[in-house]
Amino acid sequence: MLCFRLFLCAALIANLHRFAQAEESDPAVAGKGEEAAGETLEEKTVDGFSDADRATMAEGSEKHEFQAEVNRLMDIIINSLYTDKQVFLRELISNAADALEKARFHSVQDESFLADSKDLEIKVEHDPDAKTISIIDTGIGMSKADLINNLGTVAKSGTTNFLEAMSEGADANLIGQFGVGFYSAFLVADKVSVTSKCNDDPVQHVWESSADASFTVSDDPRGNTLGRGTRVTLQLKEDAHDYLSEDKLKESAKKYSQFIQFPIYVKVKKEVDVESEESDDDDDDDEKEDEEKKDDVETKDEEEKEDKKEAPTKKTVYEWEQVNTQKAIWMRAKEDVTEEEYTEFYKSISKDYLDPLAYTHFNAEGEIEFKSILFLPKKAPFDMMDNYWTKKSEVKLFVRRVLVAEKFDELLPRYLNFVRGVVDSDDLPLNVSREQLQQNKIMKVISKKLVRKVLELMKKLAKEEEGEDDDEEKEDGDDEKKEKKEEEKTDEEKKDKKEDDEKSWTKFWKEFNKNLKMGCYEDDSNRSKLSKLLRFTTTKSEGKEISLDKYLDRMQESQESIYYMSGDSLETMQKAPSMQVFKKKDLEVLMLSDHLDEPCLQKLADYEGKKFVSIQKADVKLDETEDEKKRFTKVKDMYKPLTDWWKDTLTDFTEKGAMKAAGVKIEKVEVSKRLTESPVVVVTSQFGYSAQQEKVMKAQAFQNKDQLSMMSGRKTLEINPNHPVVTDLLAKIKADKSDKAAVDTAQVLFQTALIESGYELADASALVNRVYRLMSKELGVDPDAPIKEVEIPEGEDEEEAEEEEEKDDDESKDEAEEAKVDGDDKKEEL
């Protein structure tokens, strides 16, 4: 940005200078100014200077031009523009690719342009002894004037000039735009030498500079060594000697330029066997002689053969190894790309050993045009959710096949950070260093299109699986008509197929379901699309996960809501008291065992017009007949004394009694419609945390206890009027409201209901003491009896000691007898 400001300031000063010269040279303009001044009745004083004062100053002033500090400007370009020094190779290879593209463009118009140098290629070599790296291309080359203008003028782009000179509609697909990429060479080099030869100039020239205020251009005394093209040689700094390694050069060249359309070669050193080479060369010449001497060779003994097998000598040779063997398949039509090519390309960019699960290849047109291939992997990274908030998108951003960034913050939302692929555009608004986009609006457009394509790919996978499931159900229906033996065989075959070839969407959901749930929570604009991809286990799905659309298809006609509940496991939820009435009425319930499920559904609020309702909250409404409504009203009035008394008892218990520190607040006690077997159940308010959510929030390292107590919600105790315990409690309350046994029973029932509903007791000592008292009564022991030390009878210790002494004496006698017998046996043997 600082570099741009300097350029803008220079342009502004130049424009002001030209305007001043035009004003001085045009007498008409000056005359008009004098007439305007004469017409002014009163002289204006600005900053203490009158017009006369300013005229006097103008007559005696000296005019100077701004001086650009070249050294400072070069320092800004070299050290402040780029964040990673290894981009120098990217910039120089990009410049070489531009030169080759220009040569190819001219060769189309003039077939004789390439002459003897028909191979358009880039070569990178290093000299460890001289501490230099050279980048050679067979491109268009530069004349002496080009070297002075393009390399001697900062921000002078030959590529830009070439594009401006081209006719409209032509596309040379060139990279360089700003004219400062060449100077990135000084990130690693103290001195840069450029040798170039073009067809328009018969002389080969050498340009040299040390990034100071000067450069030199001279004729090459060696003559024409290049034929056509350019050789850039860098004399490396001490801290850049690691680039003299073959592996480092190949890695850097492949990282940024592996998809350049022209071949890139790196000079590598290899050791070969000298004898094998010589024998290969002499095979053709000695073929006849070998045939004549065939019989003699067969008669030679083994010693002569061993003499021939001498140790081979090693010879060092240098070869050119191509580093950009992988092609940019996104530039081709998807009909022309095979599955093997897609798989190979995915493995090259993702470093994954598995094949991709699915992919999408598309061209985006409109406000911004780009080509892209996106892949869905089969396996999730092991640390995917560990660094979820800091991990960047793994989609690589290219500009004309040159890598700009491996990871971008906003290219894809966080929940899609597992997607791999590439995005390539010809007209992205990059900054000068080509490391980030200048306009955030363009990034949002690209991101929006990428997200839409990824979600469409997921939707396609999900639909294919649903279609297969429907076909399997039909096949199962037909198989029922067949004989039992045939049915058993087909079932076994189906099981084997499912084990060998698991469905694509099932695989994907197992690996990345948390990402989609996070997306449902975070992405407001795509929440409805993501909701169609969600899968949940239900009370009727027999352990399988189904879509919300399937749930809607199986809903009862009078059902107005989608019911769900959350818990630690499916087994626990199946036994929950809140589930009892739904089993009785045969209503399907979503069972959410993952801690991300419930926040996801709460964000959704509804699906296809059906609201999500938690059966663990107090606002559940079920269909009732008129007779059921009348009966419930009568039961409610009948149990009103008990519910009012129970409410007052629990209020004292939670605010003044043993559960004061628990933070539980009682909303009300009412007759329940959801209980069929259990005596009581505890539910929370409509907007309060469920039991599962409370556990998750309490497990947070930086939890806010005040916020947690506020969001926990007030609890409602629902009682089952048909249960014998509740019926007996009503009778006791009618007889005596101060009955201590009734109070204890009411409190114990409330605490056990909290535990059964999934809530935690902050202090379980009160409940434990009551359980101990009940156990004492059951055993016929007075629960209020004091605890005394057990009395041990006198003499008991002495008797035990005597018994132990007698045992020790007997054991010692037995050992002595055994030793005597062993001694006698040895004497007899001797």
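For the structure, see preceding data.
Residues numbered from 1 in each chain as written. Predicted model: local features only at pLDDT ≥ 70, side-chain atom pairs only at ≥ 80, totals over all residues. Heavy atoms only, no water.

J.: Tell me about the overall build of the protein chain, and please be specific about residues and values.
T.: Helix and strand content of the protein chain: 29 helices and 22 strands. Within the protein chain, the fraction of its 830 residues that count as buried is 40%. Long-range contacts, defined here as pairs at least 24 residues apart, represent 72% of the contacts in the protein chain between residues at least 6 apart. (Helix = DSSP H or I, 4+ residues; strand = E, 2+ residues; numbered from the N terminus. Buried < 20%, exposed > 50% of the residue type's maximum accessible area, 1.4 Å probe, protein only. Contact = heavy atoms within 4.5 Å.)

J.: Talk me through the sheet that holds strand E21 (residues 680-684); I want residue IDs and the actual numbers.
T.: Strand order in the open sheet formed by 3 strands is E20-E22-E21, and the pairing between neighbours is mixed. Only two strands of the sheet have a single neighbouring strand rather than two, namely strand E20 (666-671) and E21. The sheet shows a mean angle of 20 degrees between the axes of neighbouring strands, direction not considered. Across the sheet, helix H23 (residues 640-655) lies against E20, E21 and strand E22 (715-719), angled at about 155 degrees from E20, the strand it touches most. (Pairing = 2+ DSSP bridges. Axes fitted to C-alpha atoms, helices over the stretch in contact; angles between N-to-C directions.)

J.: Residues and numbers for the nonpolar core, please.
T.: Counting 70 residues, the largest nonpolar core has Leu376, Met458, Tyr563 and Leu590 as its most contacted members. The leading source of residues in this core is helix H14 (residues 440-479), at 12 residues. Discounting residues that sit within four places of it in the chain, methionine 458 has contacts with Leu376, Leu416, Phe418, Trp505, Phe508, Leu516 and Leu533. If you look at the next biggest cluster of nonpolar residues, it comprises 59 residues, including Phe182, Tyr243, Tyr256 and Ile260. (Core = buried A, V, L, I, M, F, W, Y, C linked by side-chain atoms within 4.5 Å.)

J.: Pulling in residues and values, what's your account of the pattern of salt bridges?
T.: Inspection of the entire model under this criterion finds 30 salt bridges. Residues aspartate 594 and lysine 514 are paired through a salt bridge, measuring 2.7 Å at the closest nitrogen-oxygen approach. Of this pair, aspartate 594 sits in the loop between strand E17 (589-592) and helix H21 (597-604) while lysine 514 sits in helix H16 (residues 504-522), and the two are 80 residues apart along the sequence. Residue classification places aspartate 594 among the buried residues on the basis of a relative accessible area of 17%. The class of lysine 514 is partly exposed, set by a relative accessible area of 28%. A salt bridge links glutamate 670 to lysine 668; the shortest N-O distance between them is 3.5 Å. Salt bridges here are not isolated pairs; linked through shared partners, they connect Glu125, Arg231 and Lys267. (Salt bridge = Lys/Arg side-chain N within 4 Å of Asp/Glu carboxyl O.)

J.: Break down a positive patch on the surface for me, citing the residues and quoting the values.
T.: On the surface, a cluster of positive charge is made up of Lys448, Lys459, Lys463 and Lys529. With 3 residues, the single largest contributor to the positive patch is H14. Checked against the element boundaries, lysine 448 lands in helix H14. Judged by relative accessible area, lysine 448 falls into the exposed class, the value being 62%. (Patch = residues over 30% accessible without salt bridge, like charges linked within 9 Å, V, L, I, M, F, W, Y side chains within 5 Å. Areas by Shrake-Rupley, 256 points an atom, 1.4 Å probe, with all protein chains shown as cover. Lys, Arg positive; Asp, Glu negative; His and termini not counted. Charge placed at Lys NZ, Arg CZ, Asp CG, Glu CD.)

J.: Would you mind going over the packing of helix H27 (residues 740-756) against helix H28 (residues 765-778) in detail, with residue names and values included?
T.: Their axes nearest at 10 Å, the elements H27 and H28 cross at an angle of 120 degrees. Regarding the angle of H27 to H28, the classification is oblique. The hand of the H27/H28 crossing is left-handed. In this structure, H27 uses Asp744, Gln747, Val748, Gln751, Thr752 and Ile755 to contact H28, whose residues at the interface are Ala766, Leu767 and Arg770. In the contact of H27 with H28, the residues fall into 4 nonpolar, 3 polar and 2 charged. (Parallel < 35°, antiparallel > 145°, perpendicular 65-115°, else oblique. Left-handed = near helix turned anticlockwise from the far one by under 90°. Nonpolar A, V, L, I, M, F, W, Y, C, P; charged D, E, K, R; others polar.)

J.: Provide a residue-level description of the environment of asparagine 513, including the pertinent values.
T.: Relative to the assigned elements, asparagine 513 resides in helix H16. You can call asparagine 513 buried: its relative accessible area is 13%. There is a polar contact of 2.8 Å between the side chain of asparagine 513 and the backbone oxygen of tryptophan 509. (Polar contact = N/O pair within 3.5 Å; in protein donor to acceptor, adjacent residues only side chain to side chain.)

J.: Describe the side chain of aspartate 597, listing the residues and the values that go with them.
T.: Here aspartate 597 is to be found in helix H21. Contact partners of aspartate 597, with chain neighbours within four places excluded, come to Lys517, Phe536 and Leu592.

J.: Just give me the short version of the sheet that holds strand E1 (residues 122-127), but keep the residues and values in it.
T.: Across the sheet, 8 strands lie side by side as E5-E4-E3-E6-E2-E1-E7-E8; this open sheet has mixed pairing. Of all the strands in the sheet, the pair left with one neighbour each is strand E5 (215-219) and strand E8 (314-322). On average, each strand axis in the sheet is inclined to that of its neighbour by 20 degrees, with strand direction left out of account. As judged from the 5 bridges shared by strand E3 (residues 189-197) and strand E4 (residues 205-209), these two strands associate in the antiparallel manner. Directly across from threonine 195, in E4, lies its bridge partner valine 206. Across the sheet, helix H5 (residues 87-109) touches E1, strand E2 (132-137), strand E6 (229-236) and strand E7 (264-273), and the angle it forms with E2 is around 20 degrees.

J.: Got a sec to walk through the packing of aromatic side chains? Specific residues and values, please.
T.: For the structure shown, the criterion picks out 17 aromatic pairs. With centroids separated by 5.2 Å and ring planes inclined at 45 degrees, the aromatic side chains of tryptophan 330 and phenylalanine 398 adopt a geometry described as tilted. With tryptophan 330 in the loop between E8 and helix H13 (339-350) and phenylalanine 398 in strand E11 (residues 394-399), the pair connects residues that are 68 residues apart, well separated along the chain. Pair check on accessibility: tryptophan 330 and phenylalanine 398 agree, each one buried. Of the aromatic side chains, those joined through ring pairs into one cluster are Phe259, Trp330, Tyr342, Phe345, Tyr346, Tyr359, Phe375 and Phe398. Its guanidinium or amino end placed over the ring of tyrosine 318, lysine 267 lies 5.3 Å from that ring's centre, counting from NZ or CZ. One cation-aromatic arrangement involves lysine 603 over tyrosine 521; the distance from NZ or CZ to the ring centre is 5.2 Å. (Phe/Tyr/Trp six-rings, centres within 6.5 Å; stacked < 30°, edge-to-face > 60°. Lys NZ or Arg CZ within 6 Å of the ring centre and 35° of its normal.)

J.: Run through a nonpolar patch on the surface, naming residues and quoting values.
T.: On the surface, Val768, Val771, Tyr772 and Met775 cluster together into a nonpolar patch covering about 360 Å² of accessible area. With respect to the element layout, methionine 775 can be found in helix H28. Overall, the relative accessible area of 47% leaves methionine 775 in the partly exposed class.

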